[in-house]
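Residue-level structure breakdown
Chain residues, written in single-letter form:
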Amino acid sequence: MIEVKNLTKIYGNNVDKALDMVKKGISNEEIKNKTKQVVGVRDASFTVEEGETFVIMGLSGSGKSTLLRCINRLIKASAGEILIDGRDVLTMPAKELEELRKRKMAMVFQRFALLPHRTILENVAYGLEIQGLDKEKRVAEATEVIDLVGLKGWEEAYPQNLSGGMQQRVGIARALATDPDILLMDEPFSALDPLIRQDMQEELLGIQEKLQKTIIFITHDLDEALKIGDHIALMKDGQIVQIGQPEDILLSPASDYVARFVENVNRSLALTASSVMVRPRYVVHPKDGPRTALNFMEKHGLSTLFVLDRIGKLKGYIRAEDASEIASQGIKDLGGIIQTDMPTTGPDSPLAGLLEVMAYTKVPIAVVDENNKLQGTLVRGSVIAGLAGGRGEMNNG
Ligand code: ADP
Ligand code: MG
């Protein structure tokens, strides 16, 4: 959905000279010394898939905000391409750019930037007003997103009556009001207290599950990046030094720099399977039959299901397509389609070794005790959340 190719941003008035030096691989520092030009972003390329949360992480000054602002052209990039649905933002006519900003993209800032003399409802409805919607529609849509971010009842309050966390909920509601496909979020939670911040991260995950926007989210906090990112890009000195899924960043840091960044997060060494497993709520027994199993899988969006015997011992798992097959043949017992090649582990196994198993298997890892009774399952989300310091509400023990 968003494709950034070889994007470079130079601050200053002798851009060509500096661009030339970037091409030659000359360092930011030397460029600055020789030309007084500041390199904000250098030669960044990445792709953001529709519906994913793409996190850009890096220390202060590494170029995150510059990169983000180039995407909606708040800052004009010096070189490269920014394709949104195939259209280049850099060369787009003004009219098209305006439409893009009005309808397709919205931005959430670290400082909430609410209008102080407008109510919460009016703040949230602001973008709809700009779009020219009539009042009744504006109120209806703003009310709906205010409810979505958990602020029902606060419509008539003013920003100064709200805590920082609540103000940022308004910031998110305001961005969502125009129903944009893309959200650009520049350290939206960085100014908030740690506990409020965790609430907001969970809120965002919840909203994202419902709305599946394409989000580019900036943070300098690795825990936050791991928790909410589908992909993470790490920046240093204006450059992207690694892009990957959270597991990739944790397991195979591309450089010493990244390794140092993740060092403190090596909680996987201390965490065990039982600390992040989820309760095995979704199981069947062989006698349940394929129709029951299929209904169950459909209802909960599962493609596989663990099979337990009468006393809770793990027999294996079944796949939806096999259940469907025997159902159509009129077979009533699941016995014939139980697969036994699933990964299992004990509750006390360290997570470090399991992450790699998870990367290669489509079936959740089964956590079993010494009698082979199913204690829990490890799904990707809960493991990543555990590594990212989640508060353990997914914890079974
Ligand atoms: P981050 O958001 O990661 O903290 P920024 O994108 O704000 O980083 O900054 C990247 C680099 O560009 C820094 O060296 C910063 O000093 C420089 N920079 C940012 N904005 C400007 C500007 N308007 N003029 C000159 N240099 C700037
Ligand atoms: Mg910034």
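**Examining the pattern of salt bridges**
- Per the counting criterion, the structure on display carries 19 salt bridges.
- For K34, the salt bridge is made with E30, and the minimal N-O distance between the two is 2.7 Å. Residue K34 and its partner E30 are both found in helix α2 (residues 28–35); the two are separated by four residues, about one turn of the helix.
- Overall, K34 belongs to the exposed group, its relative accessible area being 56%.
- Here E30 falls in the partly exposed class, since its relative accessible area comes to 34%.
- Connected through salt bridges with shared partners, the residues D85, K104 and D181 form a single ionic network.

**Considering helix α15 (residues 351–360)**
- Within α15 the residues assigned to the buried category are L351, L354, L355 and M358. Viewed end-on, α15 has its buried residues packed into an arc of 115°, placing them on one side of the element. Residues of α15 that are exposed and angled more than 90 degrees away from the buried face: A359 and Y360.

**Description of the site of ligand 1**
- Taken together, Y11, V38, G40, L59, S60, G61, S62, G63, K64, S65 and T66 make up all the residues around ligand 1.
- Here an oxygen atom of ligand 1 sits 3.0 Å away from a polar atom, N or O, in the main chain of G63.
- Note that an oxygen atom of ligand 1 is positioned 2.9 Å from one of the side-chain N or O atoms of S65.
- Look at ligand 1: alone it shows 560 Å² of surface, and the protein chains cover 58% of it.
- Residue assignment for the shell around ligand 1 shows that the elements contributing at least two residues are β2 (38–48) and α3 (64–71).
- Looking at which element gives the most residues to the shell around ligand 1, the answer is α3, with three residues.
- Its residues assigned to classes, the shell around ligand 1 shows three nonpolar, seven polar and one charged.

**Some thoughts on the domain arrangement of the chain**
- Split by domain assignment, the chain resolves into domain 1 (2–270) and domain 2 (274–388).
- Spacing between the C-alpha centres of domain 1 and domain 2 amounts to 37 Å.

**Brief notes about the layout of surface pockets**
- A volume near 530 Å³ is recorded for the second largest pocket.
- As for the second largest pocket, its lining consists of 17 residues, and the residues nearest its centre are R101, M105, A106, M107 and G127.
- Mapped onto the lining of the second largest pocket, the elements with two or more residues apiece are α4 (94–104), β6 (105–108), α5 (120–130) and α7 (164–177).
- Partitioned by chemical class, the residues of the lining of the second largest pocket number 10 nonpolar, four polar and three charged.

**Quick word on a nonpolar patch on the surface**
- Residues L115, Y126 and I130 make up a contiguous nonpolar surface patch of about 240 Å² in total accessible area.
- As for its placement among the helices and strands, Y126 is situated in helix α5.
- Note on Y126: relative accessible area 35%, which makes it partly exposed.

**Some remarks on the sheet that holds strand β16 (residues 374–378)**
- Spatially, the three strands line up as an open sheet ordered β14-β15-β16, and their pairing is mixed. Here the strands that pair on one side only, and so sit at the sheet edges, are β14 (344–345) and β16.
- Bridge analysis of strand β15 (residues 365–368) against β16 gives four bridges, and the strand direction is antiparallel. Within the sheet, the bridge partner assigned to I365 lies in β16 and is L378.

Calculation criteria
Residues numbered from 1 in each chain as written. Chains lettered and ligands numbered in written order. Predicted model: local features only at pLDDT ≥ 70, side-chain atom pairs only at ≥ 80, totals over all residues. Heavy atoms only, no water. Salt bridge = Lys/Arg side-chain N within 4 Å of Asp/Glu carboxyl O. Helix = DSSP H or I, 4+ residues; strand = E, 2+ residues; numbered from the N terminus. Buried < 20%, exposed > 50% of the residue type's maximum accessible area, 1.4 Å probe, protein only. Arc of directions from axis to C-beta. Near = heavy atom within 4 Å. Polar contact = N/O pair within 3.5 Å; in protein donor to acceptor, adjacent residues only side chain to side chain. Areas by Shrake-Rupley, 256 points an atom, 1.4 Å probe, with all protein chains shown as cover. Nonpolar A, V, L, I, M, F, W, Y, C, P; charged D, E, K, R; others polar. Domains from an automatic or database assignment. 1 Å grid on protein atoms, 1.4 Å probe; cavity = no way out; pocket = protein on both sides within 12 Å on 5 of 7 lines; lining within 4 Å. Points joined across faces, edges and corners; volume = space filled by probe spheres on them. Patch = residues over 30% accessible without salt bridge, like charges linked within 9 Å, V, L, I, M, F, W, Y side chains within 5 Å. Pairing = 2+ DSSP bridges.

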